[in-house]
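# Geometric and topological summary
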Amino acid sequence: MAKTFLHFINGEFVQSHGGRTFEKRSPIDNSLIGTIHEGGKHEIDAAVTAAQAALHGPWRKLSIEQRAEMLYRVADEITRRFDEFVAAEMADTGQPKSVMEHAFIPRGAANFKAFADTVKNVATETFITPTPDGKGAINYALRGPKGVIGVICPWNAPLLLMTWKVAPALACGNTVVVKPSEETPATATLLGEVMNAVGIPKGVYNVVHGFGSDSAGEFLTRHPGVSAITFTGETRTGAEIMKAAAVGLRDVSFELGGKNAGIIFADCDLNAAVDSAMRSVFLNCGQVCLGTERLLVERPIFSQFVAMLKERAEKLKVGRSEDKSTTLGPLISKSHQSKVLSYYENARAEGAMVVTGGGIPKVSVDLEQGFWVEPTIWTGLSETATVVREEIFGPCCHVAPFDHEDEAIRMANDTPYGLSTMIWTRDLARAHRVAAEVEVGLTWINSWFLRDLRTPFGGSKQSGIGREGGVHSLEFYTELRNVCVKL
Ligand code: NAD
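Report on the accompanying structure. Residue numbering note: each chain is counted from 1, following its sequence as written. It should be noted that, the model being predicted, local features are given only for residues of pLDDT at least 70 and side-chain atom pairs only at 80 or more, the latter also being counted only at that level, while totals for whole chains, interfaces and linings use all residues. For side-chain calculations, the full set of non-hydrogen atoms in the structure is used, while hydrogens and water are omitted.

## Overview of the side chain of serine 276
Secondary structure elements are defined from DSSP: runs of H or I of at least 4 residues count as helices, runs of E of at least 2 residues count as strands, and each element is numbered from the N terminus. Looking at where serine 276 falls in the secondary structure, it is placed in helix α10 (residues 270-282). Residue contacts are defined here by distance: any two heavy atoms, one from each residue, within 4.5 Å place the two residues in contact. In contact with serine 276, other than residues within four places in its own chain, are Met422, Trp424, Ser447 and Trp448.

This is the structure:
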């Protein structure tokens, strides 16, 4: 049965002023999942007003320990309602149930626990300062919340990415207005129920649904009552949001696009490297910012690597999320499917050798209207080819050979992006050398997507601004104030 997704403002589920709505369709078969209320100026105003009242009201009065305690309860409630979160996100994204159960939904709860732990254990600095009278002064720093944080989210791992922002923001005493992606309204809405159930004060967590430009997203970034904006999404959207944030000089934290390279040396554990490449190219149907769209493979193992990758990619099985044999879900939307297929065409036109895929897979009649594309591998393109340069965000990669370490580093860095890389080699000295030279925020050696939530996360170059994770999140979500006491 089709659902209705309402805004969550000041602790209540509300319709849009004027009742404006839009449709959410299933990526699996294009069936109608539900109707989403579209927010505009009116809803953003109401949400920011509620968030400001909560900021200066009950939320501010809680001690750090009390706030952390509430966030542990949020984590526990997500875990208690685990199956509902899995079902909601599965319906929105169409991805296999196993990915939701083992990767994305557990991280929703883990984010709240991790940042509750962090704020409880953070210290600030103190200095004893000499003065001319010899009596001295004490300087100490206080950390306070920044204010109302605007949180703008993408669709590729909705709960994981949203709570990665909401959890530290709340842990630091801020309040939030979240604008989820228009493609994935479900888990942000469900989190509203969780907040009420555990007693988070009204107005601390608000959700307004809608689109970006000339809709809830843009109105949120332009609202003068918002103190800072944290955003995950495309690099060009980040540039638009930065312009809006410049009015009032609001701070931004950006996690943006990537065109990540995996560097595979001939001495690697080949089987493990191919397994990892499979995951990093095809997990979530390639819709992972940290995913690998460029594989650089040392020439002696190039042909064998490509053959092994092809064999495994051809075993991926598309299907419904609940089907245990499904290993590849659909893309998020019809328009994203068209975009990815246009890159598949472009690769052919620019002379790629199509190792496998390149089109729409054969599916059963009930899935024919879904947003499927084949897992696709190319070789033979130059470094200037469009699919080697632009982020595609689909289940595809180009594999290129290299002869020397320096050449691999040069190729990996030949991109305006700088999000992540993975390096596969048994030579640890080389691994460290290469890691120090690749211009990215995150490097995995002999692994991929192994995360510790206390570590700094973010991209360099056009892949982001700032770092979040552990104490690094405090830099963005708190205002540091100095107090000087003359003795
Ligand atoms: P997107 O930029 O199209 O949209 C993201 C969000 O921004 C949506 O909620 C959208 O409604 C909103 N938005 C769009 N225009 C806006 C505007 N002018 N003002 C305010 N809000 C606006 O991105 P997407 O397609 O949802 O997500 C895919 C992108 O996200 C990819 O580029 C991917 O690499 C990136 N991403 C990055 C990370 C990271 O950690 N670096 C993580 C996940 C996704």
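## Here's the deal with a nonpolar patch on the surface
On the surface, a nonpolar cluster with roughly 310 Å² of combined accessible area is contributed by Tyr140, Leu142, Val485 and Leu487. As for its placement among the helices and strands, leucine 142 is situated in strand β7 (residues 137-145). Relative accessibility under 20% of the residue-type maximum defines a buried residue, over 50% an exposed one, and the middle range a partly exposed one, all with a 1.4 Å probe and only protein chains included. Given the relative accessible area of 35%, leucine 142 is considered partly exposed. Two distance rules govern patches: like charges are joined within 9 Å, and nonpolar side chains (Val, Leu, Ile, Met, Phe, Trp, Tyr) within 5 Å, applied only to residues with over 30% relative accessible area and no salt bridge. A 1.4 Å probe and the Shrake-Rupley method give the accessible areas. Residues count as covered only by the protein chains that appear here. One side-chain nitrogen of Lys or Arg within 4 Å of one carboxyl oxygen of Asp or Glu is enough to make a salt bridge.

## A few points about the sheet that holds strand β5 (residues 32-37)
The criterion for strand pairing is that DSSP finds at least two bridges linking the strands in question. With mixed pairing, three strands are arranged side by side in an open sheet as β1-β5-β4. Looking at which strands have only one partner, the edges of the open sheet turn out to be β1 (3-5) and β4 (21-25). Recorded for the sheet is a direction-independent mean angle of 30° between the axes of neighbouring strands. Pairing of β1 with β5 involves three bridges; the strand directions are parallel. Across the sheet, the residue bridging to phenylalanine 5 is isoleucine 36, located in β5. Here an axis means a line fitted to C-alpha atoms, over the contact stretch when the element is a helix, while the angle between two N-to-C directions is reported on a 0 to 180 degree scale.

## With respect to the sheet that holds β7
Taken in spatial order, the three strands make up an open sheet running β6-β7-β23, and their pairing is antiparallel. Only two strands of the sheet have a single partner each, and these edge strands are β6 (126-129) and β23 (478-486). Here the strands of the sheet are splayed against their neighbours by 25° on average, with no regard to which way each runs. Of the pairings in the sheet, the one linking β6 to β7 comprises four bridges and is antiparallel in character. Bridge pairing in β7 places phenylalanine 127 opposite asparagine 139.

## Some points on the pattern of salt bridges
According to the stated counting rule, one finds 32 salt bridges in the structure shown. Aspartate 414 serves as the salt-bridge partner of arginine 389, at 3.6 Å between the closest nitrogen and oxygen. Taken as a pair, arginine 389 in helix α13 (residues 386-389) and aspartate 414 in the loop between α14 (405-413) and β18 (417-418) lie far apart in primary sequence, 25 residues in all. By relative accessible area, arginine 389 is classed as partly exposed at 28%. For aspartate 414, a relative accessible area of 30% corresponds to the partly exposed category. Of the charged contacts, one joins glutamate 439 and lysine 461 as a salt bridge, the two residues approaching to 2.9 Å between their closest N and O atoms. Pair noted here: glutamate 439 is in the loop between α15 (428-437) and β20 (442-445) and lysine 461 is in strand β21 (residues 460-461), with a separation of 22 residues, a long-range link.

## Here we look at the side chain of histidine 7
Among the structural elements, histidine 7 can be located in strand β2 (residues 7-9). Residue histidine 7 is classed as buried on the basis of its relative accessible area of 0%. Here a polar contact is taken to be a pair of N or O atoms separated by no more than 3.5 Å, where protein atoms must pair a possible hydrogen donor with a possible acceptor and residues adjacent in sequence count only if both atoms sit in side chains. Among the polar contacts listed, one links the side chain of histidine 7 to the backbone nitrogen of histidine 209, at a separation of 3.1 Å. Look past the residues within four positions of histidine 7 in its chain and what remains in contact with it is Glu12, Phe13, Val14, Gln15, Ser16, His37, Glu38, Gly39, Glu43, Val207, Val208 and His209.

## Considering empty space enclosed by the protein
We place a 1 Å grid over just the protein atoms. Points where a 1.4 Å probe fits but has no way out form a cavity, open points with protein on both sides within 12 Å along at least 5 of 7 lines form a pocket, and any residue with an atom within 4 Å of a point lines it. Grid points are joined across faces, edges and corners, and a volume is the space filled by probe spheres set on the points. This model, assessed by the stated rule, comprises four cavities of 30 Å³ or more. The computed volume of the largest cavity comes to approximately 160 Å³. Lining the largest cavity are 16 residues, with Leu160, Leu161, Cys289, Leu290 and Phe449 positioned closest to its centre. Mapped by element, the contributors of at least two residues to the lining of the largest cavity are α5 (97-120) and α6 (158-171). It is α6 that provides the largest number of residues to the lining of the largest cavity, a total of three residues. In this count, Pro and Cys sit with the nonpolar residues alongside Ala, Val, Leu, Ile, Met, Phe, Trp and Tyr, while Asp, Glu, Lys and Arg are called charged and the others, Gly among them, polar. Here the lining of the largest cavity is composed, by residue class, of 10 nonpolar, three polar and three charged. Size it by volume and the second largest cavity reaches roughly 80 Å³.

## Let's talk about the nonpolar core
In globular proteins that are soluble, nonpolar side chains generally tend to be buried together. Core analysis: the biggest nonpolar cluster contains 113 residues, and Tyr205 and Phe305 have the highest contact counts within it. Where a domain begins and ends is set by an automatic assignment or by a domain database. Counting the residues that make up this core, at least three belong to each of domain 1 (3-256 + 463-486) and domain 2 (260-452). Here tyrosine 205 is in contact with Phe8, Met162, Val166, Val176, Val178, Ala188, Leu191, Gly192 and Met195, once residues within four sequence places are set aside. Counting 21 residues, the second-largest nonpolar core is a separate cluster that includes Ala50, Val148, Ala216 and Val226. We define the nonpolar core as a collection of buried residues of types Ala, Val, Leu, Ile, Met, Phe, Trp, Tyr and Cys that are connected through side-chain atoms lying within 4.5 Å of one another.

All quantities given are derived from atomic positions and should not be read as evidence of function.
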